[in-house]
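What follows is each chain in one-letter form.
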There are 2 protein chains.
Amino acid sequence: MRAVLFDMDGVLYEGDRAVCGAAEAVSWFQRRHVPHLFVTNTTSKPREALVGKLARMGIDTQAERIFTPPVAAVRWLAETAPGPVALFVPEATKVEFAELTELDSEAKSGAAAVVLGDLGRQWSFETLNRAFCLLMCEPSPVLLALGMTRYWRTPDGLQLDVAPFVSALECATGAKAQVLGKPATAFFEAALQLLDADPAETLLIGDDIVGDVQGAQRANLAGILVRTGKFRASDLAGSIRPDGVLDSIAELRPWWEAHSHG
Amino acid sequence: MRAVLFDMDGVLYEGDRAVCGAAEAVSWFQRRHVPHLFVTNTTSKPREALVGKLARMGIDTQAERIFTPPVAAVRWLAETAPGPVALFVPEATKVEFAELTELDSEAKSGAAAVVLGDLGRQWSFETLNRAFCLLMCEPSPVLLALGMTRYWRTPDGLQLDVAPFVSALECATGAKAQVLGKPATAFFEAALQLLDADPAETLLIGDDIVGDVQGAQRANLAGILVRTGKFRASDLAGSIRPDGVLDSIAELRPWWEAHSHG
């Protein structure tokens, strides 16, 4: 093993509480200059806010080390669909797309890509219909989804996330979305490209048996599951076999030493 | 042949203009007491409004003869999912559900069924999220779709119809919607049940090669295509073979006479 992808929520912290030993574990890899990225599907906060959150938990890093769907999207769009992008993402997330040209918010055509994030309560019929009409223009823009999370749990109850709106537009247009975010293989591949790392020598440590472990394994990385965050004992009863199961990230160092040579 | 289902828009009229010969054709079947229904996916207008539109075109009928997704839904729900229904349909359509108990609009649980129609600009995030939360309650309510039209053309451009919102909820909940509306077989079967007619002795005349002709044929009815309404020559280049192709409904009488015995 030569490189590490750290899932954040549930591995480094649970809510606003640091996982015991997380800062020491990350610091150990940093001191050894092990190539690494922090990988999260969060699209509601810009990277600077995540850097601040990590700092409060004793983990020092920079925005460039945090790999999110918008970061992957910007790289992918610049290569694959150059041109103006229509952004359906929270205002705070738009800063991550600063290096691309944003389509005028009144424009009815001319998008090279339509990018969907978790807009939450900002979704309206008019907003969704605008995305639809842009996608129906010729030439057809790319439909890019910042992850495919179906819903999340808020203090007020369940709330729809990005995936249902992607499905709505796929149904209406007949297009298939390009998904960038865990567990999409393209997302892991983009992270490896940034690290210049080989999948066979890279591990991902995460708390989601499907989104993290299975996603990583499908991209040919090693997938390590922690028993923190959203882990449940039943996760190990299914057909997915993690490459390692640790009580927490505090145990990653011995696992790494046992699986690294030279 | 012993019974007829008349598609309305594109067969009897195009927009607000009657198709030439339509009133005479319908009247000929009515005088012979041929069992018949007018079948449409329209959910934005109550049946009384459609009766009025037909009357202005010289076609006399009653609301009981007009078979729409709400009519099919009410019959299906009373049999299959008795209990309070959560209606996501335009206000004007609610009258069609009068014989069912509507769930209180503030209730967060307790629906036996969640019924989706074309809410158009009345869709908001809160509205869609409420449908989602109701569907996630135990026991799971039925998700019932009043048709699966993807979009329609307005004077202002394309507009999302009901299907994308059904897809969004299917994606979010993992449920599969029961569709009542053309081309769903269950919809044609419900119409035949109301007529007490046998599919092999019933024809549907329509202008949509997929929604009308293929849908009817899959339910074992004869599917007759007219060259009015949304008909395009390319409709006949595909794999669907109508049981008859007529210039308009004015030619239905000779076709019927050639295909009826006794």
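Going by the structure above, here's the rest.
One structure accompanies this document, and this report is about it. No experiment lies behind these values; they were computed from the predicted model shown. (Residues numbered from 1 in each chain as written. Chains lettered and ligands numbered in written order. Predicted model: local features only at pLDDT ≥ 70, side-chain atom pairs only at ≥ 80, totals over all residues. Heavy atoms only, no water.)

### Quick notes on the overall build of chain A
Rules: Under the DSSP-based scheme used, a helix requires at least four consecutive residues in state H or I and a strand at least two consecutive residues in state E, with every element numbered from the N terminus. Put simply, the radius of gyration uses C-alpha atoms, and a globule should come to 2.2 Å times the residue count raised to 0.38. For every residue, the accessible area (1.4 Å probe, protein chains only) is compared with the maximum for its type, and the residue is labelled buried under 20%, exposed over 50%, or partly exposed between those bounds.
Secondary structure summary: chain A contains 8 helices and 14 strands in total. Taking 262 residues into account, the globule formula puts the C-alpha radius of gyration at 18 Å, and chain A, at 19 Å, falls close to it. Along the three orthogonal principal directions, the C-alpha set of chain A runs to about 55 × 40 × 35 Å. Looking at chain A as a whole, 55% of its 262 residues are labelled buried.

### Quick word on the sheet that holds strand S5 (residues 66-67) of chain A
Residues and elements named next belong to chain A. Spelled out, the test is: A pair of strands is labelled paired if DSSP reports no fewer than 2 bridges between them.
Taken together, the 6 strands give an open sheet; going across it, the order is S5-S4-S1-S12-S13-S14, and neighbouring strands pair in parallel fashion. Strands with a single pairing partner mark the edges of an open sheet, and in this sheet they are S5 and strand S14 (244-246). Pairing between strand S12 (residues 202-206) and strand S13 (residues 222-226): 4 bridges, direction parallel. Residue pairing in the sheet places isoleucine 205 in a bridge with isoleucine 224 of S13.

### Notes on the relation of the copies chain B and chain A
Between the two copies of this chain, the relationship is a rotation about some axis together with a displacement along it. Under the convention used in this document: In superposing the copies, a least-squares fit is computed on C-alpha atoms, taking residues whose pLDDT is at least 70 in both. Contact definition: two residues touch when any of their heavy atoms are within 4.5 Å.
Structural alignment of chain B on chain A gives an RMSD of 0.1 Å, achieved by rotating through 180° and translating 0.0 Å along the axis. Such a turn and shift between the copies fits a two-fold axis. An overlap of 100% is found between the interface residues of chain B and their copies at the interface of chain A, pointing to a shared contact surface.

### Re the interface of chain B and chain A
To keep things clear, this is the line we draw: For any pair of parts, buried area is found by adding up, for both, the accessible area (1.4 Å probe) each one loses once the two are put together. For salt bridges, the criterion is a side-chain nitrogen of Lys or Arg within 4 Å of an Asp or Glu carboxyl oxygen. A 3.5 Å cut-off defines polar contacts: any pair of N or O atoms within that distance qualifies, except that in protein one atom must be a possible hydrogen donor and the other a possible acceptor, and neighbouring residues in sequence count only when both atoms are side-chain atoms. When residues are sorted by character, Ala, Val, Leu, Ile, Met, Phe, Trp, Tyr, Cys and Pro go into the nonpolar class, Asp, Glu, Lys and Arg into the charged class, and all the rest, Gly among them, into the polar class.
Contacts between chain B and chain A engage 24 residues on the former and 24 residues on the latter. When chain B packs against chain A, close to 2,300 Å² is buried across both sides, 70% of that on carbon and sulfur atoms. It is Phe125(B), Leu160(B) and Cys171(B) in chain B that bury the most area against chain A; as a group they hold 29% of the surface buried on that side. Where Arg121(B) meets Glu126(A), a salt bridge forms, and the shortest distance between an N and an O atom there is 3.0 Å. Counting across the interface, chain B meets chain A through 8 residue pairs in polar contact (both at pLDDT 80 or more). Only helix H4 (125-135), strand S10 (157-160) and helix H5 (163-173) of chain B provide two or more residues apiece to the side of chain B that touches chain A. The dominant element in the side of chain B that touches chain A, judged by the number of residues it contributes, is H5(B), at 8 residues. Residues of the side of chain B that touches chain A, tallied by class, amount to 15 nonpolar, 6 polar and 3 charged.

### Some remarks on helix H2 (residues 47-56) of chain B
Residues and elements named next belong to chain B. The criterion, for reference: Throughout, the arc means that of the directions going from the helix axis to the C-beta atoms.
Looking at H2, one finds that the buried residues are Arg47, Leu50, Val51, Lys53 and Leu54. The arc that holds the buried residues of H2, viewed along the axis, is 160°, so those residues lie on one side. In H2, the exposed positions angled more than 90 degrees off the buried face are occupied by Glu48 and Arg56. Where H2 is buried, its residues meet strand S2 (13-14), strand S4 (36-39), strand S5 (66-67) and helix H3 (69-80). Positive phi shows up at glycine 58, right after H2, with a value of about 85°.

### Here's the deal with the pattern of salt bridges
Using the criterion set out here, one finds 26 salt bridges over all chains in the structure. In this structure, Arg227(B) engages Asp247(B) in a salt bridge whose closest nitrogen and oxygen atoms are separated by 3.4 Å. Of this pair, Arg227(B) sits in the loop between strand S13 (222-226) and strand S14 (244-246) while Asp247(B) sits in the loop between S14 and helix H8 (252-259); the two residues are 20 residues apart in sequence, bridging distant segments of the chain. Looking at Asp247(B), the relative accessible area reads 47%, which means it is partly exposed. Look at the salt bridges and you will find they share partners, linking Asp7(A), Lys182(A) and Asp212(A) into a network.

### Focus on the packing of aromatic side chains
Put simply, the rule reads: Stacked, tilted and edge-to-face are the three classes assigned to paired rings of Phe, Tyr and Trp, where Trp is represented by its six-membered ring and a pair needs centres within 6.5 Å; plane angles under 30 degrees give stacked, over 60 edge-to-face, the rest tilted.
Counted under the stated rule, the structure contains 20 aromatic pairs over all chains. With a centroid separation of 5.1 Å and an interplanar angle of 35°, the aromatic rings of Phe67(A) and Phe187(A) are classed as tilted. Of this pair, Phe67(A) sits in strand S5 while Phe187(A) sits in helix H6 (residues 185-195), placing them 120 residues apart in sequence. Grouping residues by exposure puts Phe67(A) and Phe187(A) together as buried. Ring centres of Phe187(B) and Phe188(B) lie 6.3 Å apart, and the angle between their planes is 65°; on these two criteria the pair is classed as edge-to-face.

### Some points on the pairing of strand S8 (residues 142-145) of chain B
All names here are of chain B. How we decide: Place the viewer so that the strands point away; then a crossover is right-handed whenever the path from the first strand over the helix to the second strand goes clockwise.
Examined bridge by bridge, strand S7 (residues 113-116) and S8 share 4 bridges and lie parallel to one another. Note that in S8 the partner of alanine 113 across the bridge is valine 142. In the classification by handedness, the crossover that spans S7, the intervening H4 and the parallel S8 is right-handed. Pairing between S8 and strand S11 (residues 178-179): 2 bridges, direction parallel. The residue bridging alanine 145 from the neighbouring strand is valine 179, located in S11.

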